Amino acid sequence: MAGGAREVLTLQLGHFAGFVGAHWWNQQDAALREPTDAKETPGELCPDVLYRTGRTLHGQETYTPRLILMDLKGSLNSLKQEGGLYRDTQRDAAIAWEGKLTTHTEELHPKNSYLQDLLSAEGVLCSDGVWRVQSIPSGKGPAPLTTATPPKPRIPTAGSIQVWSDFLRVHLHPRSICMIQKYNHDGEASRLEAFGQGESILKEPRYQEELEDRLHFYVEECDYLQGFQILCDLHDGFSGLGAKASELLRDEYTGRGIVTWGLLPGPYSLREPQKNIYRLLNTAFGLVHLSAHSSLVCPLSLGGSLGLRPEPPVHFPHLHYDATLPFHCSAILATALDTVTVPYRLRSSPVSMVHLADMLNFSGKKVVTAGATIPFPLVPNQSLPDALVQLGGATPWTPLSACGDTSGTRCFAQSVVLRGLNRACHTSQLPPGTPVSSVLHACTTGEEVLARYLEQQQPGARSSSHLLLTPCKVAPPYPHLFSSLSQQGSVLDSPPTGAGMSPHPLLHSSGQHPRPWGSLLLFLLGSDPGQLGQRAHQSGPAALGQLHGGWGGTGGPGGAAPRAPQPGPVLPGRGQPCELKFRKGKSGCTIKVRMQALGVSGLATTTHTYDT
């Protein structure tokens, strides 16, 4: 690869992961299309880490994501599984059969207005098999099309977005999309609901061989593969598929980094207690198994809690979003993800996935939390020391891992990235002889300012910080979320009041360059032996169950002394608790869930058993 990039292969597993991934790749594409001067030095981020060059059958150069995407039947809408850059070789192949031939063609799903505008703006697949599009200013992508300047595509409305492919503007390689035909995306039948269902998919030779074939295709063309990043849904059966995929990667590519981002959509309905039990168990099993096979695991969600008791969605002072829309939630998570993954995507002095995981790991604890400030609260004509001093001792970022209150914990290690600040804002620029008001104002570089601030906030924590000039580029189809934000990313006035749920923000997102501030943190609990994960002989599943307040019975499987049964979580609107029991057998551990719900004909009890 050009420039000796340390390549990363991305796996997207699940439909909400597809939403986050679509925004993620759109943001990478927007950064690639940013006009650059030939005399300027290359950007701080290396796109070759995530992208690959290739050629069509007609010799045209392409630049596509290094991506394997798995989703269910019916989730693509108008997007073809083989993508749009290459001809459908199966359809165009010559048919040798000379007898009677009947062709059945499935009716294509119509493209929404945004995709129609995008198609007219970017070009067409010509009769010679070459996709002719406008040139990308950075020099990446296919040959230019000499036509008049096309109109800019409109921003899609939230109501027009049904699936993630409705707003994906990036062309994918034919080996990127892998459809799971045995389960449906829509409807009540044949749904991928449980961890065990997803885990069994990759036990079938058909899907396992298909995944391995795609992995070999991408890996063998890499010069220096640093690892894999997995975007995986945790709330449904894809948590099991992700666990099995991470196990396959660990066994076949030993020594490579595996960073897993466990994704959960926004608030859930209290009227579906059984589905919430499934969501809770899928999340617990997913975190346990993914942490066993990954170098690092980080749950990402805008919900306030992973448990059965709902919490309001997280609030950003300068963002107005609808937490019930995956289109909005995934955009925010993609922006945060684009920031916290900066260390292993840098062009100069990158931190590899393995080194990042080693820095954040502690005694085998691989699950970390994430937080972000979007945008960074810097007003015009303010310096970085002024903004940090103004924050005071308050927590500078909004939690994105739905892990609840972190009071009573301490931070062991943290990786912090701040993007989009001009070099003139890095230090206070005080005239000589002017007394400084804080230690931060005495620093001579922005990197020193950020390092000193983190040391003050988390004394004794192991910290890694990066300060980038490049902002986070957002362009259509990124939704309208930002309020009180200038085109340069500065906060124009005081934070607005309210719950932050209005779907009508003040400014458009096209052309804005927010300054996100993202962090990855490993929190450790205090020394109290009664706290989560600190009991002797307590297993990982039991610790997670204790986190959600749902474990009853006699402790973990390691011979711990019996303790008094704890009440399980109360179902919304019901006086009866649901019960979770843990039992260890010769072949593994069994979790038994008893759910009680008051139905039309009286009290109904359902029992579900899961083997681990």
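**Q** So what exactly am I meant to see when it comes to the pattern of salt bridges here?
**A** Pairing is possible between side chains that carry opposite charge, provided their charged atoms lie close to one another. Counted by the stated rule, this structure contains eleven salt bridges. Measuring nitrogen to oxygen at the nearest pair gives 2.4 Å for the salt bridge that ties Glu 204 to Lys 182. Of this pair, Glu 204 sits in the loop between α4 (195-201) and α5 (205-220) while Lys 182 is found in strand β7 (residues 177-184), placing the two residues 22 residues apart along the sequence. Residues Lys 244 and Glu 247 are paired through a salt bridge, measuring 3.6 Å at the closest nitrogen-oxygen approach. On the criterion of helical spacing, the pair formed by Lys 244 and Glu 247 is a turn pair, its members being three residues apart in helix α6 (residues 238-252).

**Q** It is not clear to me how the sheet that holds β7 should be interpreted in this structure. Could you clarify?
**A** By way of backbone hydrogen bonds, the strands of a sheet pair with one another, either parallel or antiparallel. Taken in spatial order, the six strands make up an open sheet running β7-β4-β1-β8-β9-β10, and their pairing is parallel. Each edge of the open sheet is held by one strand with a lone partner, namely β7 and β10 (296-300). Going from strand to strand, the sheet's axes swing by 15° on average, the running direction of each strand aside. Of the strand pairs in this sheet, strand β1 (residues 7-13) and strand β8 (residues 225-233) are connected by seven bridges, and their pairing is parallel. What sits directly across from Val 8, in β8, is Gly 227. Contacting β1, β4 (67-73), β7 and β8, α5 runs over the sheet at an angle of about 165° to β7. Across the sheet, α6 touches β1, β4, β7, β8 and β9 (257-263), and the angle it forms with β8 is around 165°.

**Q** Is there a simple way to think about helix α9 (residues 353-360) in this case?
**A** Burial in α9 covers these residues: Met 353, Leu 356, Ala 357, Met 359 and Leu 360. Along α9, the residues classed as buried sweep out an arc of 160° about the axis, all on the same side.

**Q** Mind showing me how you'd approach the packing of α5 against α6 here?
**A** Helix packing for two helices is described by the angle between their axes and how far apart those axes are. Interaxial distance between α5 and α6 falls to 12 Å at its minimum, and their mutual angle equals 50°. When the axis of α5 is compared with that of α6, the two are oblique. Every pair of crossing elements has a handedness; the one defined by α5 and α6 is right-handed. Contacts from Gln 208, Leu 211, Glu 212, Leu 215 and His 216 of α5 reach α6 at Ala 245, Leu 248, Leu 249 and Glu 252.

**Q** What is the right way to read the pairing of β4 from this model?
**A** Summarising burial for β4: six of the seven residues are buried, a large majority. Where β1 meets β4, four bridges bridge the pair, whose relative direction is parallel. By the bridge assignment, Gln 12 is partnered in β4 with Leu 69. Relative to β7, β4 runs parallel, the two sharing five bridges. Of the residues in β7, the one forming a bridge with Met 70 is Cys 178.

**Q** Help me out: how do you make sense of unusual backbone geometry in this one?
**A** For residues other than glycine, phi is negative in most cases, and the peptide bonds are mostly trans. In this structure, the amide linkage connecting Ile 374 to the following residue, Pro 375, adopts the cis form with an omega of -5°. Summarising the element assignment, Pro 375 is placed in the loop between β11 (369-373) and α10 (384-391). Each neighbour pair has its own omega, and for Pro 476 with Pro 477 the value is 15°, a cis peptide bond. Looking at the element boundaries, Pro 477 is found in the loop between β14 (462-468) and β15 (517-525). Here the phi dihedral of Ser 349 falls at roughly 50°; this positive angle occurs in a residue that is not glycine. By the secondary structure assignment, Ser 349 is in the loop between α8 (326-340) and α9. Unusually for a residue other than glycine, Asn 381 sits at a positive phi of about 65°. Within the secondary structure, Asn 381 sits in the loop between β11 and α10.

**Q** Looking at this structure, how should I read the packing of aromatic side chains?
**A** The geometry of an aromatic ring pair is captured by the separation of the ring centres together with the interplanar angle, meaning the angle of the planes. Counted by the stated rule, this structure contains ten aromatic pairs. On the numbers, 5.0 Å between centres and 15° between planes, the contact of Tyr 51 with Tyr 63 is stacked. Pair noted here: Tyr 51 is in strand β2 (residues 51-55) and Tyr 63 is in strand β3 (residues 61-65), with a separation of twelve residues, a long-range link. Both rings, one in Phe 228 and one in Tyr 253, keep their centres 5.2 Å apart while their planes meet at 50°; by these two values the pair is tilted. Note that Phe 228 is positioned in strand β8 and Tyr 253 in the loop between α6 and β9, a separation of 25 residues in sequence. A relative accessible area of 13% means that Tyr 253 is categorised as buried. Among the aromatic residues, ring-to-ring pairing joins Trp 24, Trp 25, Tyr 51 and Tyr 63 into one connected group. Positioned over the ring face of Phe 217 is Arg 175, at 4.6 Å from the centre of the ring.

Conventions used here
Residues numbered from 1 in each chain as written. Predicted model: local features only at pLDDT ≥ 70, side-chain atom pairs only at ≥ 80, totals over all residues. Heavy atoms only, no water. Salt bridge = Lys/Arg side-chain N within 4 Å of Asp/Glu carboxyl O. Helix = DSSP H or I, 4+ residues; strand = E, 2+ residues; numbered from the N terminus. Pairing = 2+ DSSP bridges. Axes fitted to C-alpha atoms, helices over the stretch in contact; angles between N-to-C directions. Contact = heavy atoms within 4.5 Å. Buried < 20%, exposed > 50% of the residue type's maximum accessible area, 1.4 Å probe, protein only. Arc of directions from axis to C-beta. Parallel < 35°, antiparallel > 145°, perpendicular 65-115°, else oblique. Left-handed = near helix turned anticlockwise from the far one by under 90°. Phe/Tyr/Trp six-rings, centres within 6.5 Å; stacked < 30°, edge-to-face > 60°. Lys NZ or Arg CZ within 6 Å of the ring centre and 35° of its normal.

Spatial relationships are all this shows, so hold off on functional conclusions.
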